[in-house]
Structure formats: structure tokens, C-alpha cells
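# Descriptive analysis of the structure
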Amino acid sequence: MAARATLPPHCGLLVFQPLRRRQCAECRRGPLPLLVLEDGAPRCLDCADLGHLVFLPRGDTALTRRAREESALSAVVVRFNRRKSRYERQGVLVEEAALVRAERRCLADAEARRRRRARDARRREAEDASFAQAFAAEIRRLLPGCPPDRAWAIAAHASERGSGRVGRSAAGRALTEGAVMAAVVASVRHLDTPYDRLLMSGVPRHEARRRIAAAVETVLRGWTRTGLGSTG
């Protein structure tokens, strides 16, 4: 074993995972997967009165904390890291009944988190639908000739959560005219003009936009007139 100066801060009973084969100084059993040092001599867990404890590997902080809270007797398991010249925690030993109780508490928390996530998802869904409706209404206000189903499709596409599209920008959330019109123009460009075919044929983006600018303007002019939104 390395010098005690390399041990972790005091955290109660310590149990070691030895790097080399060790035998219990009392019962002579070995090699020991885990041992306790008493007066510098190794003892197996049974001889150290810790044999009834179960090992909980590190990794789940909440479960480890609760298992130690529930357990009247516990120990921290450490192993020496030669490269770093220090002992590192590997897990804890706790009473089996305490671990069961801790697992139940964590499962209850997990179920509560699941219900909260479901509530949050429903709330976000309602918020998104409400915002898409407002976005579509603003499209119809600016372009009364835009068909209602097309306005809704543009709004839903532009405001999709996590998309990074204009509807999710600060300007889009504020329903500024510039953001709303940018979403409309993008839709018209892709669906009502040969823009995508030009891009696929190798035409540079700015040149493709120049070529279809008149077509976009024609569609927008048509949508600025009222009485055209009942079809399409």
C-alpha cells in the first residue's frame, strides 16, 4: 500500500481493492478482492465485521448518497492509482436493505421526473401551437390573399422548436414584419419557383435567388390582395 498521505479525505471506514495478491492476517484466506487494514495488517471483510455489506459501484451519485444515508454501517472502497500516485474511490459498501430502500427512493424520483417531463412537453406543445397560430395570423394580416392552409404550413415550419429557423429567433418570437416576411419568402422560394432545381444544377445561391426574384415578387403581390385566400 502507498503512504496514508495519498488517501482521500477522511470519509469514515475505508476498504481497499488491492493491486497485488493479499491474504487475511487473521483467517489466512486469499487472495482478497477487498480488504481492511487494521494496524497495518490486511483483514478480509468477514474478519473486519463488514462481510454482510454489499458493494455499490460509483457512478450514481444520488443512489450512493441515499444508500449511505439509509445504511447504519457503510464504508468507502478505494483503489490505488499508480500513475496518479493516489487512491481513488471505486464505490461504497452498504447494508443490502439500505440499498433496496435507496433504490426505491431513486425510482420514485425518476417517476416524478418522468411525470414532470411529460407535463413540460405538453406545456411546450400547447405554447408552440399557440405561437404557430399567432404567426399564421400575422402572415394573413400582412398578406390577406395567402391561403389559410399555406399560412399555417409556413408558420408551423418556421416556428418548429429546435429548428433554428426564423420563427425561433428573437425577431420571429416578437412577430416582427421582417421575420414573418422572411419566412414567407423562404417558403415561396422553395415551393413556388424553380429555385431548388437551380441549386441542384449547380447555380450559385445568390445567382439562383436573382433569377427567381421576379417569380417570388409575383406570388407576394398576389397574396397582398384580399379575397384570394379561400382556395389553394
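This text gives an overview of the structure that appears in the document. Just so we're clear, the structure is a prediction, and the values are computed from it rather than from any experiment.

Our next topic: a positive patch on the surface. A surface patch of positive charge is lined by Arg-113, Arg-116, Arg-117, Arg-119 and Arg-122. Residue class for Arg-116 comes out partly exposed when judged on its relative accessible area of 40%.

A rise of 1.5 Å per residue sets the reference length of helix 7 (residues 205–223), with its 19 residues, at 27 Å; its end C-alpha atoms lie 25 Å apart and thus fit the reference within 8%. Its maximal kink placed at Ile-212, helix 7 deviates by approximately 50°. Buried within helix 7 we find Ala-208, Ile-212, Val-216, Val-219, Leu-220, Gly-222 and Trp-223.

A few words on the environment of Pro-57. As for its position among the elements, Pro-57 is in strand 4 (residues 53–57). Relative accessible area serves as the criterion here: at 45%, Pro-57 is assigned to the partly exposed category. Separated by 32 residues in the primary sequence, Pro-57 and Arg-89 have C-alpha atoms spaced 9.2 Å apart. Each residue touching Pro-57, except ones within four places of it in the same chain, is listed here: Thr-64, Gln-90 and Gly-91.

The rules behind each value
- Residues numbered from 1 in each chain as written.
- Predicted model: local features only at pLDDT ≥ 70, side-chain atom pairs only at ≥ 80, totals over all residues.
- Heavy atoms only, no water.
- Patch = residues over 30% accessible without salt bridge, like charges linked within 9 Å, V, L, I, M, F, W, Y side chains within 5 Å.
- Areas by Shrake-Rupley, 256 points an atom, 1.4 Å probe, with all protein chains shown as cover.
- Salt bridge = Lys/Arg side-chain N within 4 Å of Asp/Glu carboxyl O.
- Lys, Arg positive; Asp, Glu negative; His and termini not counted.
- Charge placed at Lys NZ, Arg CZ, Asp CG, Glu CD.
- Buried < 20%, exposed > 50% of the residue type's maximum accessible area, 1.4 Å probe, protein only.
- Helix = DSSP H or I, 4+ residues; strand = E, 2+ residues; numbered from the N terminus.
- Expected span 1.5 Å × (residues − 1).
- Bend = angle between axes of the 7 residues up to and from the residue.
- Contact = heavy atoms within 4.5 Å.

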